[in-house]
Amino acid sequence: MNKNSLSAYLLPFLFCLTVGCRTKTNDTPVQVQVADSIPLPEHPRPDWQRKDWTNLNGTWAFEFDSTNQGEAKGWPEMKQAFSQKILVPFPWGSKLSGVKSKADIAWYQRSVTVPESWKGKRIYLVIGASDWVTTGWIDGKKVGSYQGGYTPFEFDLTDHVKFGQAQNLVVKADDSPHDFKLFGKQGYGDAKGIWQTVYLEARAPISLNYIHFSPDIDQQLVKVEAELSQAPAADMTLALAIQSGGQPIETKQTVAKGQKTIRFSVNIPQAHLWSMEDPFLYETTATLTDTEGNQDEVATYFGMRKISVMNLPGTDIPYIALNNKPVYLQLTLDQSYHPEGFYTFPSDQFMKNEILLTKQLGLNGQRIHIKVEHPRKLYWADKLGVLIMADVPNSWGEPDSLMRKEWEVAMRGMVKRDYNHPAIFSWINFNETWGLFTKGKDGKKV
């Protein structure tokens, strides 16, 4: 995958989707239907899915903490019941959350029960995105904190889990304003707190942190980089079973003792290329096995495609090329904002329709504007054949060291999470010239 950003001037057309280009928040609301039980019940990442997981979306107890006194008052231990309810994963302040915004800090609480069948595995709480500093407790014991509003994070619950018993899960989200924070397009409606799916997941004692597939269609192979959660004390085996539409392509690699990262290549003969007309995905099962037979199995996928820049034949005009053929780009500037959910869409079908609408308009791509997109929407772009430009959100303050740190967390997080999406052909470091300049001592931009 080409990680280099490609200049915006290469875009012949840049449109705004009617559903996204709103300039005020008092537009007539769109009527939507949300499942009565669990909103967004699907696994949030079809590109990275384990079998043992439990969706925690739905109704949580909720309380604002405008004076930031919750910890001092014993809220991690639930010394008092919360007075409101919120529908997760919709950010507070949005209509779909059921809660009007009254403060920048708030707390969530619900009961969770980890299945007995998960014994012997490590148990994680995974949050797809939460704005901005998010801290978790289980039965009053702190399990972690994360700073960043756009990328996924996880807390290891293993040492505190009581299998088969109800336990108290508490999450605090602090979205206090700072100039250096990545704010993106929240002028449409502030996405405060949890805004992507929350779930429990069970993994083997040593698991896969990520697998990145880098297709090389010219050499008919895919380069693989896999990282483990920790370096093993003994050799392990990583097996890939790649569905090719015919005979599966299988390979086994040894992960040597003390080796946390492994790199290798797999031949893909007569590769079925991913294109907008034929968006073929190589669905893959990755299985990591230790000497005791513990296995971490992940379902993922990749596309065999090449992104490059070439001159339009017979001219000196640079074009984006897909699979060594120039593409006349016709993109929409997708604001990726929902009037009733802000950053969060009401359903998977809605996200699919966003991609279908692009194709129905006769366009071939989207630029997701200053927002890290939901992975399921990216999945539908992969599945249906729409190109994506992926933006890092912006701050509205000076690009100082604190802002650059926030930017790097978001940039690294989105590339790590979204590396395998064949639809993504460009990573946008910042919008227009935002981020290029700062103010000098005389107040002028330099």
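Located above this text is the structure these notes cover.
Everything numeric here is computed off the predicted structure, so don't read it as measured data. (Residues numbered from 1 in each chain as written. Predicted model: local features only at pLDDT ≥ 70, side-chain atom pairs only at ≥ 80, totals over all residues. Heavy atoms only, no water.)

Chemist: Go over the overall build of the protein chain with me, naming the residues and quoting the values.
Modeler: Summing up its helical and strand segments, the protein chain has three helices and 27 strands in all. On the principal axes, the C-alpha backbone points of the protein chain span a range of 70 × 60 × 50 Å. Looking at the protein chain as a whole, 56% of its 446 residues qualify as buried. Long-range contacts, defined here as pairs at least 24 residues apart, represent 71% of the contacts in the protein chain between residues at least 6 apart. Carbon together with sulfur atoms contributes 48% to the accessible area of the protein chain, which is approximately 19,600 Å² in total. One way to put it: in the protein chain the 48 positive side-chain charges average out to a point 2 Å from where the 49 negative ones average out. (Helix = DSSP H or I, 4+ residues; strand = E, 2+ residues; numbered from the N terminus. Buried < 20%, exposed > 50% of the residue type's maximum accessible area, 1.4 Å probe, protein only. Contact = heavy atoms within 4.5 Å. Areas by Shrake-Rupley, 256 points an atom, 1.4 Å probe, with all protein chains shown as cover. Lys, Arg positive; Asp, Glu negative; His and termini not counted. Charge placed at Lys NZ, Arg CZ, Asp CG, Glu CD.)

Chemist: How would you sum up the nonpolar core? Please name residues and give values.
Modeler: Judged by nonpolar contacts, the single largest core of 44 residues is most densely connected at Leu 329, Ile 388, Met 414, Phe 425 and Trp 427. Setting aside residues no more than four positions away along its own chain, Met 414 makes contact with Thr 151, Val 372, Ala 390, Asp 391, Val 392, Tyr 419 and Trp 427. In terms of nonpolar packing, the next biggest core, distinct from the first, is built from 32 residues, Phe 62, Leu 157, Val 171 and Ala 173 among them. (Core = buried A, V, L, I, M, F, W, Y, C linked by side-chain atoms within 4.5 Å.)

Chemist: So what about the sheet that holds strand β18 (residues 261-267)? Which residues, and what values?
Modeler: The strand order β14-β15-β18 describes an open sheet built from three strands, whose pairing is antiparallel. Where the open sheet ends on each side, the last strands, each with one partner, are β14 (208-216) and β18. Each strand of the sheet is rotated relative to its neighbour by a mean of 20 degrees, with strand direction disregarded. By the bridge criterion, seven bridges tie strand β15 (residues 221-228) to β18 in an arrangement that is antiparallel. (Pairing = 2+ DSSP bridges. Axes fitted to C-alpha atoms, helices over the stretch in contact; angles between N-to-C directions.)

Chemist: With reference to specific residues and values, describe the pattern of salt bridges.
Modeler: Side chains carrying opposite charge are able to pair once their charged atoms draw close together. For the coordinates displayed, the defined rule picks out 25 salt bridges. Its salt-bridge partner being Arg 50, residue Asp 296 comes within 2.7 Å of it at the nearest N-O pair. With Asp 296 in strand β20 (residues 295-302) and Arg 50 in the loop between β1 (13-16) and β2 (53-55), this residue pair connects regions lying 246 residues apart in the sequence. Linking Asp 218 and Lys 306 is a salt bridge whose minimum nitrogen-to-oxygen distance equals 2.8 Å. Note that Asp 218 is positioned in the loop between β14 and β15 and Lys 306 in the loop between β20 and β21 (307-311), a separation of 88 residues in sequence. (Salt bridge = Lys/Arg side-chain N within 4 Å of Asp/Glu carboxyl O.)

Chemist: Quick rundown of the sheet that holds strand β19 (residues 282-289)? Include the residues and the values.
Modeler: If you walk across this open sheet you meet the four strands as β17-β16-β19-β20, and the pairing is antiparallel. In the strand order of this sheet, the two ends are held by β17 (249-255) and β20, each with one partner. If you compare each strand with its neighbour and ignore which way they point, the axes differ by 15 degrees on average. Here β19 pairs with β20 via eight bridges, running antiparallel.

Chemist: Describe in detail the packing of aromatic side chains, supporting the description with residues and values.
Modeler: Counted under the stated rule, the structure contains 25 aromatic pairs. Taking 4.6 Å as the distance between ring centres and 25 degrees as the angle between the ring planes, the aromatic pair formed by Phe 213 and Phe 302 counts as stacked. On the criterion of sequence distance, the pair formed by Phe 213 in strand β14 and Phe 302 in strand β20 is long-range, its members being 89 residues apart. Given the relative accessible area of 1%, Phe 213 is considered buried. Measuring from ring centre to ring centre gives 5.3 Å for Tyr 282 and Phe 302, while their planes differ by 10 degrees; the resulting arrangement is stacked. Highlighted residues: Tyr 282 in strand β19 and Phe 302 in strand β20, separated in sequence by 20 residues. Summarising the burial analysis for this pair, Tyr 282 and Phe 302 share the class buried. Sitting above the plane of the Tyr 124 ring, Arg 203 keeps its charged end 4.0 Å from the centroid. (Phe/Tyr/Trp six-rings, centres within 6.5 Å; stacked < 30°, edge-to-face > 60°. Lys NZ or Arg CZ within 6 Å of the ring centre and 35° of its normal.)

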